[in-house]
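Single-letter residue listing:
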Amino acid sequence: NDDSELINEPLADLQVLLAGKTKPLTDVFVISHGWNFTTQSGIRNYDRFLHNLSAKREVMNHAMGGEFRPLVICVSWASVSQPSACTWWGTRLEPS
């Protein structure tokens, strides 16, 4: 979301997000990271993507002949095959 928080109830949050919009969205992006990424590295990749997308807003406005109003949905999960460490209910676990 706009506060860089994970969303646990995506449909409810999306309804709240769209309820106050007077202009329609122009694009919807659903992106997910590939295999062998930790959740944190996936989120860092999304941050870079969103930063680059934001930097190109004026170019997109011009290309579309109007205002570019995207909704970006980022899906993240821990997908590493051999994590160096993980946290389980607040306890840090090291591989054996």
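One structure accompanies this document, and this report is about it. Predicted model only: the values in this text are computed from it and were never measured.

## Focus on the environment of phenylalanine 37
Its location among the elements puts phenylalanine 37 in the loop between strand 1 (27-32) and helix 2 (39-55). Counting along the chain gives 40 residues from phenylalanine 37 to tryptophan 77, while the straight-line C-alpha distance between them is 8.1 Å. In this view, phenylalanine 37 contacts Gly42, Asn45, Trp77, Ala78, Ser79 and Val80; residues no more than four positions away in its chain are not counted.

## Some thoughts on the side chain of serine 41
With respect to the helices and strands, serine 41 occurs in helix 2. Among the polar contacts made by the side chain of serine 41, one reaches the main-chain amide nitrogen of threonine 38 at a distance of 3.0 Å.

## Details of the packing of aromatic side chains
Here the structure, examined in full by the defined rule, presents 1 aromatic pair. Note on phenylalanine 29 and phenylalanine 49: the rings are 6.4 Å apart at their centroids and 70 degrees apart in plane angle, and the pair reads as edge-to-face. Taken together, the residues phenylalanine 29 in strand 1 and phenylalanine 49 in helix 2 connect sequence positions 20 residues apart. Judged by relative accessible area, which is 26%, phenylalanine 29 ranks as partly exposed.

## Observations concerning the pattern of salt bridges
If you walk through the whole model with that rule in mind, you get 2 salt bridges. Two residues, lysine 23 and glutamate 67, come together in a salt bridge whose shortest N-O distance is 3.2 Å. You can see lysine 23 sitting in the loop between helix 1 (10-19) and strand 1 and its partner glutamate 67 sitting in the loop between helix 3 (57-64) and strand 2 (70-75), a full 44 residues away along the chain. Its relative accessible area of 38% is what places glutamate 67 among the partly exposed residues.

## Describing the environment of aspartate 27
Tracing the chain through its elements places aspartate 27 in strand 1. Residue classification places aspartate 27 among the partly exposed residues on the basis of a relative accessible area of 25%. Sequence spacing of aspartate 27 and valine 72 is 45 residues, and the spatial spacing of their C-alpha atoms is 8.3 Å. When residues no more than four places from it in sequence are discounted, the contact partners of aspartate 27 are Met64, Phe68, Arg69, Pro70 and Leu71. In this structure the side chain of aspartate 27 is engaged in a polar contact, spanning 2.9 Å, whose partner is the side chain of threonine 26.

Basis of the calculations
- Residues numbered from 1 in each chain as written.
- Predicted model: local features only at pLDDT ≥ 70, side-chain atom pairs only at ≥ 80, totals over all residues.
- Heavy atoms only, no water.
- Helix = DSSP H or I, 4+ residues; strand = E, 2+ residues; numbered from the N terminus.
- Contact = heavy atoms within 4.5 Å.
- Polar contact = N/O pair within 3.5 Å; in protein donor to acceptor, adjacent residues only side chain to side chain.
- Phe/Tyr/Trp six-rings, centres within 6.5 Å; stacked < 30°, edge-to-face > 60°.
- Buried < 20%, exposed > 50% of the residue type's maximum accessible area, 1.4 Å probe, protein only.
- Salt bridge = Lys/Arg side-chain N within 4 Å of Asp/Glu carboxyl O.

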